[in-house]
Amino acid sequence: MALTKEEVRELTKKAWEIRKAIIETTYTCGGSHIGGSLSQTDVLVALYYKYLNVDPARPKWEDRDRFILSKGHGGIGWASVLGDKGYFDKNLLKDFNKTGSPFGMHLDSLKVKGCDASTGSLGHGLAIAVGLALGARLKKKGFRTYCMMGDGELCEGSVWEAAILAGHHKLDNLTAFVDRNGLMIDGPTEKITTLEPIDEKFRAFGWETLTIDGHDFPAIGGAIEKAKVLKGKPFVIICKTVKGKCVDIMENQAPWHYGGLNSDLRDQALACVDNYYAKLLG
Amino acid sequence: MAEGLTWSVTDGDKLTQAEVYGEVLSQLGEKYPDIVALTADLASSTKIGRYGKKYPDRFINVGIAENSMFGIAAGLALAGLKPVVSTFAAFTSLRSAEQVRTDICYQNLDVKIIATHAGISFGQAGSTHHCTEDIAVMRSFANMTVIVPADGLETGNAVAAAMEWPGPVYIRIGRGFEPPVNKTKDYGYTIGKSITMRDGRDVTIIACGVGVLQAVRAAEVLDRQGLSTRVINMHTIKPIDRDVIIQAVKDTRRIITVEDHNIVGGLGSAVAEVIVESGMACAFRKLGVPDCYSIVGYPEDLYHHYKFDADGIVDTVGTLMRLEIEEDEDWEDEV
């Protein structure tokens, strides 16, 4: 069932909050992978506030849906969502990156409630997600597994090893996302190593694909709902996104893969986000 | 639980390590319904395929894709299953070292790894398929337990014991043609507790894997020469049996380690760490592959070539016995 206008409005407001939280935490922690955290935000918000069957009070509930952030450097964005969902006191994020904190740039599943797998080394997450999806089948469990990859990590061969196996086993309980913001650390993906056509590559490996605007909640919701009902194939949703989304000095700027904010930049970034959403929400 | 209750293999003392573990794992499948076996196109070479024949629904052959296989094993463990992964040691500890460390050990997951064709046991294959680095690599991963069984029966014991041992376990075996050293499986195998194969007062040989049989053979020769030789089967490299090593230093003051592995980073290094930390001096030698890429050949020829067969051990013991070392028992001034 498609998202209602009211649901889209609520998700939009939540994405506004999360983006502001990412900026605030980036300011307090000294530096973060802010560009990719801002590009992935809308998909994470759609999942955690609408689609994932999870219960923050029972983070290890065995029937919960699983989410694997294969682009583990988006940890600050993921932690902002998990904190807001109530997996932990979000005030703890003030210690993000600090010595002894449970929160580092790449989340640790043994320390952060709601983090289903430790990730950070690129190209690992899809295989873990395939294992979870196979595990659900073996355990006769109905949970679904979602995995978000960065686009740059599609260079890693292990992604395609896992993709072959997911297609072979027709893992229709697995949905992957590609955060297609077009940039890796050293520049545009297509200048460094051609990834396109990403959709044709996945289709050749036995996947169903859909390419959407990764900042458009009705499109995100529609794609997730299609994936949920598809039988006999894993599904990948290629989300066209903007690195640094909503902060004009960061948008589509590769150097903002990782960066810190002083108080002036933080205020400027927050003002950008507020302006963006004030216009969007009317 | 006594491991003797969980499996039994007829003629286990005549079967290879891989044959025994394939059979034992198949038997354990009944007791542990959550075991899922994985391999990467080596179902028959590693013998994990025997489990697959018995439990085809709990067996995944990922094709030739070791890196994703270890990630998939992590995912299966996160889903509450008990993955047992088997491929060659070289691909486990070198190609997929990062997945084993980051996906499995970092998350302290219940994944058991049985790595075959370790050391130079696949001697004819050349260094691409030798693996004389895996003990060093695997014991450096926090949370990992590292076991090097001496023969088929001990491999069966180790596999059974690993099922009840928390966290990731790396069991390292050879190609599977190594002669047995044990006649029965019922000798009280426990992870982390070494086995004294024979007692002695003059010198101690600490061995693992195929080195145990060579050490026992050497000890028989040495005994005939009038040297009382202690042989310790140090099947668990991590956590290592510190007390037994320190006792051997105190009792014999001469220690030799024997392993089918580079002398850098393996059993010898692990034993040396314990000795050095104890503050007690002793005459010490490490036998194994001397920090080189092995020549091609049949394993028994290579063990002889690199002097860690019985003949080589006897020679090295002779060298140690000729060393002049302080024999007093006043350790206080040396700690």
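Per chain, the residues get numbers from 1 upward, laid out in the order the sequence is written. Written order decides the labels, with chains lettered from A and ligands numbered from 1. Predicted model: local features are reported for residues with pLDDT of at least 70 only, side-chain atom pairs are reported and counted for 80 or more only, and whole-chain, interface and lining totals are derived from all residues.

> I'd like a rundown of the confidence of the model for chain B, residues and numbers included.
Known as pLDDT, the predictor's confidence for each residue is given on a scale from 0 to 100. The pLDDT averaged across chain B works out to 94; a share of 96% of its residues lies at or above 70. Scored by ipTM, the complex comes to 0.95, with pTM at 0.95.

> So what's going on with the interface of chain B and chain A? Which residues, and what values?
Interface extent is often summarised as the accessible area lost during association of the parts. Any two residues are considered in contact once their C-beta atoms, placed from the backbone, lie within 7 Å. Taken together, the 24 residues of chain B in the interface contact 23 residues of chain A. Secondary structure elements follow DSSP: runs of H or I no shorter than four residues count as helices, runs of E no shorter than two count as strands, and numbering proceeds from the N terminus. Put simply, the parts of the chain that give the side of chain B that touches chain A at least two residues each are α4 (66-78) and α6 (97-105) of chain B. The dominant element in the side of chain B that touches chain A, judged by the number of residues it contributes, is α4(B), at 9 residues. Among the residues making up the side of chain B that touches chain A, the classes are represented as 12 nonpolar, 9 polar and 3 charged. Three classes are used: nonpolar for Ala, Val, Leu, Ile, Met, Phe, Trp, Tyr, Cys and Pro, charged for Asp, Glu, Lys and Arg, and polar for all others, with Gly counted as polar.

> Account for helix α5 (residues 157-168) of chain A, with residues named and values stated.
Think of an α-helix as 3.6 residues a turn; residues three or four steps apart then line up on the same face. Residue and element names in this part refer to chain A. Look at α5: 17 Å from first C-alpha to last across 12 residues, which is about the 16 Å you get at 1.5 Å a residue. Exposed residues have 12 or fewer other C-beta atoms within 10 Å of their own C-beta, buried residues have 20 or more, and partly exposed residues fall in between, where C-beta atoms are placed from the backbone. By the burial criterion, the buried members of α5 are S158, V159, E161, A162, A163, L165 and A166. K170 sits one or two positions beyond α5 and adopts a positive phi of about 50 degrees. Helices are assigned an expected span. That span is 1.5 Å times one less than the residue count.

> Can you explain the packing of helix α2 (residues 34-51) of chain A against helix α8 (residues 217-229) of chain A? Please cite residues and give values.
Residue and element names in this part refer to chain A. Each axis is a line fitted through C-alpha atoms, taken for helices only over the stretch in contact, and angles between the N-to-C directions span 0 to 180 degrees. The N-to-C vectors of α2 and α8 enclose an angle of 60 degrees; their axes lie 10 Å apart at closest approach. As the angle between them shows, α2 and α8 are arranged oblique. Crossing of α2 against α8: the hand is right-handed. Only F217, I220, G221 and I224 of α8 make contact with α2, whose side of the interface consists of D42, V43, A46, K50 and Y51. Partitioning the contact of α2 with α8 into residue classes produces 6 nonpolar, 1 polar and 2 charged. Roughly parallel covers angles under 35 degrees, roughly antiparallel covers those over 145, roughly perpendicular covers 65 to 115, and oblique covers all other angles. In a left-handed crossing the near helix is turned counterclockwise from the far helix by less than a right angle, and in a right-handed crossing that turn is clockwise.

> How would you sum up the sheet that holds strand β6 (residues 208-213) of chain A? Please name residues and give values.
All names here are of chain A. The sheet built from 5 strands is open, its strands ordered β1-β2-β3-β7-β6 with parallel pairing. The outermost strands of the open sheet, each flanked by one partner alone, are β1 (66-69) and β6. On average, each strand axis in the sheet is inclined to that of its neighbour by 20 degrees, with strand direction left out of account. For two strands to be treated as a pair, DSSP must find no fewer than two bridges joining them. Pairing of β6 with strand β7 (residues 235-240), which is carried by 6 bridges, proceeds in the parallel orientation. Looking at the pairing, D213 lines up with K240 of β7.

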